[in-house]
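Residues per chain, in single letters:
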Amino acid sequence: KKIVIKGLSINSKKVKKGYMFFAIKGTRSNGEKHIKEAIARGASVIVCSKNFKNKYKKIFIIKKNNIRDLVSEISSKFYKLKPKNIIAVTGTNGKTSVADLFYQILSLSNIPAASIGTLGVKYKNKIIKTNLTSPDTITIHKHLQNLKKEKIDNVIIESSSHGLHQGRLNHVNFKAAIFTNFSQDHLDYHKTMKSYLNAKLILFKKILKKNSTIITDDNINEFSTLKNIAKIRKLKLIKISNIIDKIESSPLSTNSEYKIKNLAMAMAAAKLCGLKDKKLFKTLNKIKDTNGRLELVKIFPKNVKVFIDYAHTPDALLKVLQSLISSYGKNISLVFGCGGDRDKTKRSLMGKIANDYSKKIYVTDDNPRNENPKQIRNEIIKKINKKKYFNIGNRAQAIKQSILNSESNGVVLIAGKGHEDKQIYKNRSFNIS
């Protein structure tokens, strides 16, 4: 009997008549508990693990051990249309900035482009919100098909370590993959730095096809590993040092090292999509700062500059503070916190960096989730000089105080949230204002 599949879903609530439902066992939920609901909603095919006890005799059931890989394979075939040039970007920091810069460079050159990631799906100056850096496999392939229908052939996808580890980006035919940098983050999920790095490297060791390209910074420790992978797997390798030299000799306004690196990576990717050097360099003085990434949001009286930045890892916080010091001096007030239910070892590390590079520190809440917010703040301030910090849980209040207390020509950096405008306490989300 021939079965026509009308749609795919990993969420039983989104199943419609004629859909194929994949019952995935995740860290928090087990899709097999929702098979009954998927069938009630009209699923015609169920994919589940080999040890599932089937009591639904009239439904076509496929039993597989690695369901996640099958989801990506079927999604890739179901949503056949794909943009010609798909670029992946992974690394601890800078993914969103690189993706946004790639989108801007091509758009300013009148070449249709799109980006998929933390800020949502962006194309033709529209944004479709998504909840994750790398959406689930089905959603990714669906977006890629829609973008192709919109005549967009250049897409960049932010690739998180979680997304790579869970196979969400398998069976995407990438033209190139960018590796920005690597430092501590997500140890609540990956447990060790080694397994965190290995999750990132899945993109280069398994997903990239022969003759595709790796773009990376030749000044990072992981460069030799990537060079080795490129050699073994017959991948091309682009080092950004040559592009950085060209940027630095052009009349560009930015003087921050990591912004230049992000820009160089985005430029390398844009060149792979066919953009010529002459046109490429014409766009540089029109590029805007990425939303929430070292963004100057306001200048108050007495020339007090307020910046926001998404920095929520030790390395990102260190780099953004160093960048501000090199541009504006050491008179920096920092507002930041650390997330609950996430890597706890980051807290004291970020406290120490704050202490070493800021004049005043306002320790506040940043998505405490199910943890006690006061406890999180106490773990941060252990490493901060008592005379330097203010412990203010209410984020809006902490920001207000930091601006009111700042001195002439001072800089206020509000770190951690970037583009986000919500606070998560327990399971509830509140607007920050």
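Everything here concerns the structure above.
Residues numbered from 1 in each chain as written. Predicted model: local features only at pLDDT ≥ 70, side-chain atom pairs only at ≥ 80, totals over all residues. Heavy atoms only, no water.

**Focus on the overall build of the chain**
The test is simple: Segments assigned H or I by DSSP are reported as helices when at least four residues long, segments assigned E as strands when at least two residues long, and all are numbered from the N terminus. We compute the radius of gyration from the C-alpha atoms alone; for a globule the expected value is 2.2 Å times N to the 0.38, where N is the number of residues. Whether a residue is buried, partly exposed or exposed follows from its accessible area with a 1.4 Å probe, protein chains only, as a fraction of its type maximum: under 20%, in between, or over 50%, in that order. Note on contacts: a residue pair is in contact if any heavy atoms of the two residues lie within 4.5 Å. Residue burial considers only the protein chains on display, and all accessible areas are found by Shrake-Rupley using a 1.4 Å probe. His residues and chain termini do not enter the charge count, which takes Lys and Arg as positive and Asp and Glu as negative. Here the site of a charge means NZ on Lys, CZ on Arg, CG on Asp, or CD on Glu.
Looking only at helices and strands, one finds 15 helices and 20 strands in the chain. Against the 2.2 N^0.38 benchmark of 22 Å for 433 residues, the chain shows a C-alpha radius of gyration of 23 Å, consistent with a compact globule. Here the chain holds 433 residues, and the buried ones make up 53% of them. Here the contacts in the chain between residues at least 6 apart in sequence split such that 68% fall between residues at least 24 apart. Carbon and sulfur atoms provide 51% of the accessible area of the chain, an area that totals close to 21300 Å². Separation between the mean location of the 85 positive side-chain charges and that of the 32 negative ones in the chain comes to 7 Å.

**Details of unusual backbone geometry**
With glycine set apart, most residues show a phi of negative sign, and most peptide bonds adopt trans. Phi is positive for Lys234, close to 55°, though the residue is something other than glycine. Looking at the element boundaries, Lys234 is found in the loop between helix H8 (223-233) and strand E12 (236-239). Even without glycine at this site, Leu294 takes up a positive phi of about 40°. For Leu294, a relative accessible area of 6% puts it in the buried group.

**Observations regarding the pairing of strand E20 (residues 428-431)**
The test is simple: The pairing criterion for strands is at least two bridges between them, as found by DSSP.
Direction of pairing for strand E19 (residues 422-425) relative to E20: antiparallel, over a ladder of 4 bridges. Across the sheet, the residue bridging to Ile424 is Ser429, located in E20. Hairpin connection, E19 to E20: the antiparallel pair is bridged by 2 residues, and Lys426 has positive phi, about 55°.

**Some points on the packing of aromatic side chains**
Inclusion rule: In summary, the pairing rule links any two rings of Phe, Tyr or Trp, Trp by its six-membered ring, whose centres are within 6.5 Å, and it sorts them by plane angle into stacked for under 30 degrees, edge-to-face for over 60 and tilted for everything else. Working rule: Lys NZ or Arg CZ, within 6 Å of ring centre, within 35 degrees of ring normal, means a charge sits over the ring.
Applying the stated criterion across every chain yields a total of 6 aromatic pairs. For the ring pair Tyr362 and Phe390, a centre distance of 4.5 Å and an interplane angle of 5° mean the geometry is stacked. Residue Tyr362 is found in strand E16 (residues 360-363), and its partner Phe390 is found in strand E17 (residues 389-391); the two are separated by 28 residues along the sequence. In this structure Phe390 comes out as partly exposed when scored by relative accessible area, which is 31%. It is Arg293 that lies over the ring of Tyr310; its NZ or CZ is 4.1 Å from the centre.

**Thoughts on the pairing of strand E10 (residues 176-179)**
Burial along E10 is two-sided: Ala176 and Ile178 facing one way and Ala177 and Phe179 facing the other are all buried. In terms of strand pairing, strand E5 (residues 85-90) meets E10 through 4 bridges, oriented parallel. Within the sheet, the bridge partner assigned to Thr90 lies in E10 and is Phe179. The pairing of E10 with strand E11 (residues 213-216) spans 4 bridges and is classified as parallel. Opposite Ala176, over in E11, you have Thr213 as the bridge partner.

**Description of the side chain of Ser49**
Which entries qualify depends on this criterion: Residues adjacent in sequence count toward polar contacts only when both atoms are side-chain atoms; beyond that, a polar contact is any pair of N or O atoms within 3.5 Å, and within protein one must be able to donate a hydrogen and the other to accept it.
Along the polypeptide, Ser49 turns up in the loop between strand E3 (45-48) and strand E4 (60-63). There is a polar contact of 2.6 Å between the side chain of Ser49 and the side chain of Glu32. Residues within four places of Ser49 in sequence aside, it is in contact with Lys25, Glu32, Lys63, Lys64 and Ile67.

**Focus on the nonpolar core**
We count it as follows: Side-chain atoms within 4.5 Å are what join buried Ala, Val, Leu, Ile, Met, Phe, Trp, Tyr and Cys residues into a set we call a nonpolar core.
Counting 34 residues, the largest nonpolar core has Leu144, Val155, Ile157, Phe174, Phe179, Leu203 and Phe204 as the members making the most contacts within it. Where this core is concerned, the elements lending two or more residues are E5, strand E6 (113-117), strand E7 (120-123), helix H4 (137-149), strand E9 (154-158), E10, helix H7 (193-207) and H8. Discounting chain neighbours no more than four positions away, the residues touching Leu203 are Ala88, Thr90, Ser159, Leu164, Phe174, Ala177 and Leu208. Listed in part, the 31 residues of the second largest apolar core include Ile215, Ile243, Ile260 and Leu284.

**Comments concerning the environment of Lys282**
As for its placement among the helices and strands, Lys282 is situated in helix H11 (residues 277-283). Here Lys282 falls in the exposed class, since its relative accessible area comes to 57%. In the structure, Lys282 is positioned 11 residues away from Lys271 in sequence and 13 Å away in space, judged by C-alpha atoms.

**Focus on the sheet that holds strand E15 (residues 332-336)**
The criterion, for reference: Angular values range over 0 to 180 degrees, each being the angle between N-to-C directions of two axes fitted as lines to C-alpha atoms, with helices fitted over their stretch in contact.
With mixed pairing, 6 strands are arranged side by side in an open sheet as E13-E14-E18-E15-E16-E17. This sheet does not close on itself; its edge strands, each paired only once, are strand E13 (295-300) and E17. Averaged over all pairs of adjacent strands, the angle between strand axes in this sheet comes to 15°, irrespective of strand direction. Where E16 and E17 come together, 3 bridges link them in parallel fashion.

**Describing the pattern of salt bridges**
Which entries qualify depends on this criterion: Here a salt bridge means any side-chain nitrogen of Lys or Arg lying within 4 Å of a carboxyl oxygen belonging to Asp or Glu.
Tallied over the entire structure, the rule returns 22 salt bridges. For Lys122, the salt bridge is made with Asp100, and the minimal N-O distance between the two is 3.2 Å. With Lys122 in strand E7 and Asp100 in helix H3 (residues 95-108), this pair connects stretches of sequence that are 22 residues apart. The buried category is assigned to Asp100, whose relative accessible area is 5%. The network of salt bridges with shared partners includes Lys344, Arg347, Glu371 and Glu379.

Everything listed is a geometric property; what it means functionally is a separate question.
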